[in-house]
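# Residue-level structure breakdown
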Amino acid sequence: MSTAEAAPASAGVFPDYPTLLPKPLTERQAGLLARARELAKDFATRADTHDRENSFPFENYERMKASGYGTMTLGAKYGGEDVTLLELCACQEQLAQGCGGTAIGVNMHLLTMGALQDEARRTGVTDPMQEMMFTMTGGQRLISSGSFSETGAAGAYLLPQTTATRVEGGWRVNGRKSYNSNLPQSDFVGGNVTLVGHPDGENLMAMVFLPKETPGVKIAGAESWDVMSVRASGRYDVVFEDAFVPDLMMQAPIDPANAFVGQAAFGAWFQISVASVYLGIAQAAVDWVTDYVKTRKPQTEERTLAHMPGIQYQLAEMLALMEASRAIIATAAQDYGARRWTPEDTASRGGIVKYIVSNNNLRVLDLAMDIAGGPGLFRRFGLERLYRDVRGAKAHPPSDVNALEVIAKGHLGIARDFSPRWG
């Protein structure tokens, strides 16, 4: 039975591992999670090597493409599995337990395809660029890469520094973008650009996609991604030098004040799914600690660390934080699935999920390192990599301070781009 096919509730199962999906699982949901867990088991065998070498896990992507994981957020008519936001989050939590870098990298591709399609389905409008992307991605099992978090000001609120200038038949793109996830494996690159010479006026932006082999598209390479966290995600820089983009590959312009949350579907899928990836990394730490305390017996004690009350208290706090995070993610994803979120919903609810879960995950890893003691410092034991990887959550937009500001402004009825910001 295909994972895309629904199964009756009577076929539900109760997995013996934590999951974001409500139980019992349908046969379809169980299949989705089983695939993610099988991939994670394989990826875990190479995670340390890719982290140490700062290398890209090409073999992981080939497995995801072959299994259908890389196209699961597309609709069945495009060759996908109609995976919902909640189902994506549940799968990504499992995948990240094997290799956080692979999971966060492919997440940017999966959420983009899912969000664009979801918005088209809810509005009833699919522009030609989207239709072409969905068809090509599903039919050829392609991978996309994009950078949507550029925040350099160019004279207006949140206008990207990368520009697209109007020319005959299309646009010329110039600039440099960082954090292009899974770039070595990608077939398309894209992101938000400031539009110059648009007939609707200036200070507008749009999302653009173009083939990676387009003349004028240059990949900075691995030297542009030498970081402490999720090193296998392959987030290299991309330089655009007069890269031509036909009109077909450019979406309709939007107000720059809504550069992130204004693309409501994208913002929701981004913030909630990103939180789920790092939740998976934190779960790997919980599993590591559980095994450690059950088997580690100090020479001065008669029993293992699992019998020490102080250790029990710290592990219990880890478990409580994990359950709280799962509840927040699941509730938000279910709410999004039940209705179309507004930009305000994305800013507030999405920001709350990102803020709470990210900080919960960091606390879980801090506790794990406290429990581990000396062994936690050794790279060969694996916890140290999880400790570094989970800190990547704080680098994704919105930052804590920006999330809190937007959440409070929404509660107070103050526009995000209200000026002056102070006073």
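Described in the following lines is the structure provided in the data block. (Residues numbered from 1 in each chain as written. Predicted model: local features only at pLDDT ≥ 70, side-chain atom pairs only at ≥ 80, totals over all residues. Heavy atoms only, no water.)

## Looking at unusual backbone geometry
Here the residue pair Pro397 and Pro398 is connected by a cis peptide bond, since its omega of -5° sits within 30 degrees of zero. Along the chain, Pro398 turns up in the loop between helix H9 (383-390) and helix H10 (400-412). Look at the link from Ser419 to Pro420: it is a cis peptide, with omega at 0°. Turning to its location among the elements, Pro420 is positioned in the segment after H10. The phi dihedral of Arg141 falls on the positive side, at around 55°, and the residue is not glycine. Assignment of secondary structure puts Arg141 in the loop between helix H5 (128-140) and strand S1 (144-147). The residue Tyr179 is not glycine, and still its phi comes out positive at about 60°. Within the secondary structure layout, Tyr179 lies in strand S3 (residues 170-180). Owing to a relative accessible area of 45%, Tyr179 belongs among the partly exposed residues under this scheme. (Helix = DSSP H or I, 4+ residues; strand = E, 2+ residues; numbered from the N terminus. Buried < 20%, exposed > 50% of the residue type's maximum accessible area, 1.4 Å probe, protein only.)

## Notes on the pairing of strand S4 (residues 188-196)
When you tally the buried positions in S4, you get eight out of nine residues, the bulk of the element. Strand direction decides the pairing type here: S1 and S4, joined by four bridges, are parallel. By the bridge assignment, Ser144 is partnered in S4 with Phe188. Both strand S2 (residues 163-167) and S4 contribute to a ladder of three bridges, which runs parallel. When the bridges of S4 are listed, Thr165 appears paired with Val196. Two elements, S4 and strand S5 (residues 204-211), share eight bridges in a ladder whose sense is antiparallel. Across the sheet, Phe188 pairs through a bridge with Pro211, a residue of S5. (Pairing = 2+ DSSP bridges.)

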